[in-house]
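Each chain, written out:
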Amino acid sequence: MKKSFQQVIHRVRASLRTPRGRDILTFVIFVSISAILWSVLSLNEEEQYDLRMPLKITHVPDSATIINPGPEALSVSVRGRGTQMFKFALGSNPSLNIDFRAYRSGNYLHLSNSELKALIRQSTGATSVSAIYPDSISIPYTTNPGVAMPVVADYKVTAASQASLNGRPKLSTDTAKVYVVPGQRIPDNFESVVTEPIRLSKLDKTTTRRVRLIGPSGARIIPDSVDITFDVEPLIMKNRKIVIEPINVPADIKLITFPAQIDVYYMVPMSAYTTSDPHFRVVADYRRINLLGGSKKVKLRLSDVPDNLQNVRLSADSAEYIIERL
């Protein structure tokens, strides 16, 4: 490999020693010099560039809270020498830093169009600023303490068929502070901060979502979002024997069912399997017996089933019976 490379170098050198090779080398040198001169002349000419400048507020004291931080960035059009603007063409846009101490006045940071242009020229080194959007900035702030309010979750969540929601959702914080511009007040109908609506279905595992907090219009909420966790557990089948209870039986009659007990199956969360001891009734209604129909079975019905149980069912929907007269 090394030997073949040396051979190529030797051939190139030999070619450059020929009259044709010297002409090609001279041509390449002059083209390179021309390109360098053209680049220098072009970069010295003024050009117009469109930039998107991120907005940053600096030197904000701990006692002040910005209510509305304003636009994330300004769209600007500047003119300047190519040598100055070359870095912007490569994507290196400067940010616009607003010094809180220099522009605060009456609970607002206010920058006029001329003040914005001066800051942009200072940040970019441009000779002029042709256009700015927005053309002025007014950012409210307050030094008053925020009002603490409870956080309420707005959710409608269902679990999958073989799972269950375990208790209420858990919030990363249950309180948020609401800040308003001095002179304004929080409306009386706002007694809490609410999450944006959460709609989830068929959850089969514990799920956490980051959601935004919604408060009064024009106010700032800190924190502005929370994590909400829905604890989901798998369901496990369980059963227990329940005595069949005859109801609506006349005083001179005794209704006896066979069997006297029946299995009730239901599903419970895994964590409650050992402690679950629900109370419900299995009833045989004497009024539902068709004495003339010839059937020797009575329908069974579940009663007083706890709301937290799922997929509750009987091992049989009827039982044989006999009637004894007292």
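Summarised in this report is the structure supplied together with it. (Residues numbered from 1 in each chain as written. Predicted model: local features only at pLDDT ≥ 70, side-chain atom pairs only at ≥ 80, totals over all residues. Heavy atoms only, no water.)

### Focus on the overall build of the chain
When helices and strands are tallied, the chain shows five helices and 25 strands. Sorting the 326 residues of the chain into buried and exposed places 31% on the buried side. A separation threshold of at least 6 residues defines the contact pool for the chain, and within that pool the share at least 24 residues apart is 72%. Accessible surface computed for the chain: about 20,800 Å², of which carbon and sulfur atoms make up 52%. (Helix = DSSP H or I, 4+ residues; strand = E, 2+ residues; numbered from the N terminus. Buried < 20%, exposed > 50% of the residue type's maximum accessible area, 1.4 Å probe, protein only. Contact = heavy atoms within 4.5 Å. Areas by Shrake-Rupley, 256 points an atom, 1.4 Å probe, with all protein chains shown as cover.)

### Structural notes on the sheet that holds strand β6 (residues 108-111)
Taken in spatial order, the four strands of this open sheet run β2-β8-β6-β5, and their pairing is antiparallel. The open sheet terminates on both sides in strands that have one partner only, identified here as β2 (65-66) and β5 (104-105). Sheet analysis places β2 next to strand β8 (residues 137-142), joined by two bridges and oriented antiparallel. Across the sheet, T65 pairs through a bridge with T142, a residue of β8. (Pairing = 2+ DSSP bridges.)

### A short note on the nonpolar core
Counting 23 residues, the largest nonpolar core has V76, L96 and I120 as the members making the most contacts within it. Elements with a contribution of two residues or more to this core: β1 (46-58), β3 (73-81), β4 (96-99), α4 (100-103), β6, α5 (113-124), β7 (128-133) and β8. (Core = buried A, V, L, I, M, F, W, Y, C linked by side-chain atoms within 4.5 Å.)

### Quick look at the environment of L51
As for its position among the elements, L51 is in strand β1. Among the residues examined, L51 registers a relative accessible area of 6% and is labelled buried. When the C-alpha atoms of L51 and S77 are compared, they prove to be 6.2 Å apart, with 26 residues separating the residues in sequence.

### Thoughts on the side chain of T195
Topologically, T195 is positioned in strand β14 (residues 193-195). One polar contact links the side chain of T195 to the main-chain amide nitrogen of D154, over a distance of 3.0 Å. Ignoring sequence-local partners within four residues, the contact set of T195 consists of V151, V152, A153, D154, V211, R212, L213, I214 and V226. (Polar contact = N/O pair within 3.5 Å; in protein donor to acceptor, adjacent residues only side chain to side chain.)

### Let's talk about the pairing of strand β13 (residues 175-179)
Alignment of strand β9 (residues 147-152) against β13, held across four bridges, turns out to be antiparallel. Within β13, the position partnered with M149 by the bridge is A176. Summarising the sheet, β13 and strand β17 (residues 220-222) pair through three bridges and their orientation is antiparallel. When the bridges of β17 are listed, K177 appears paired with I222.

### With respect to the packing of aromatic side chains
By the definition in use, this model includes three aromatic pairs. Arranged with centres 5.8 Å apart and planes meeting at 75°, the rings of Y266 and F280 form a pair that is edge-to-face. Placement of the pair is Y266 in strand β21 (residues 261-269) and F280 in the loop between β21 and β22 (281-285), with a sequence separation of 14 residues. Of the two residues examined, Y266 and F280, each falls in the buried class. Here the basic side chain of K238 rests over the ring of Y273, its NZ or CZ set 5.1 Å away from the ring centre. Stacked on the ring of Y265, the Lys or Arg R313 has its end atom at 4.8 Å from the ring centre. (Phe/Tyr/Trp six-rings, centres within 6.5 Å; stacked < 30°, edge-to-face > 60°. Lys NZ or Arg CZ within 6 Å of the ring centre and 35° of its normal.)

### A look at the pattern of salt bridges
According to the stated counting rule, one finds seven salt bridges in the structure shown. One salt bridge in this structure joins D99 and R101, with 3.0 Å as the shortest N-O distance. Since its relative accessible area comes to 52%, R101 is described here as exposed. Its salt-bridge partner being K241, residue D263 comes within 3.3 Å of it at the nearest N-O pair. (Salt bridge = Lys/Arg side-chain N within 4 Å of Asp/Glu carboxyl O.)

### Here we look at the side chain of E233
As for its position among the elements, E233 is in strand β19 (residues 232-247). At 2.8 Å, the side chain of E233 and the side chain of S271 are in polar contact. When near neighbours in sequence (up to four residues on either side) are disregarded, E233 contacts Q162, A163, S164, N166, P269, M270 and S271.

### With respect to the environment of V226
By the secondary structure assignment, V226 is in strand β18 (residues 225-230). Residue V226 is classed as buried on the basis of its relative accessible area, which comes to 0%. Sequence separation between V226 and A153 is 73 residues, and the spatial gap between their C-alpha atoms is 9.9 Å. If we ignore the near neighbours within four places in the chain, the residues touching V226 are L171, S172, T173, T195, R209, R210, V211 and L213.

### Section: the sheet that holds β14
Spatially, β12-β18-β16-β14-β9-β13-β17 is the arrangement adopted by the seven strands of the open sheet, whose pairing is mixed. Looking at the sheet topology across the chains shown, the edges are occupied by β12 (170-171) and β17.

### Let's talk about the environment of Q162
The residue Q162 is located in the loop between β10 (155-159) and β11 (163-165) in this model. Each C-alpha atom of the pair Q162 and P269 lies 9.4 Å from the other, and the pair is 107 residues apart in sequence. Here Q162 is in contact with E233, P234, L235 and M267, once residues within four sequence places are set aside.

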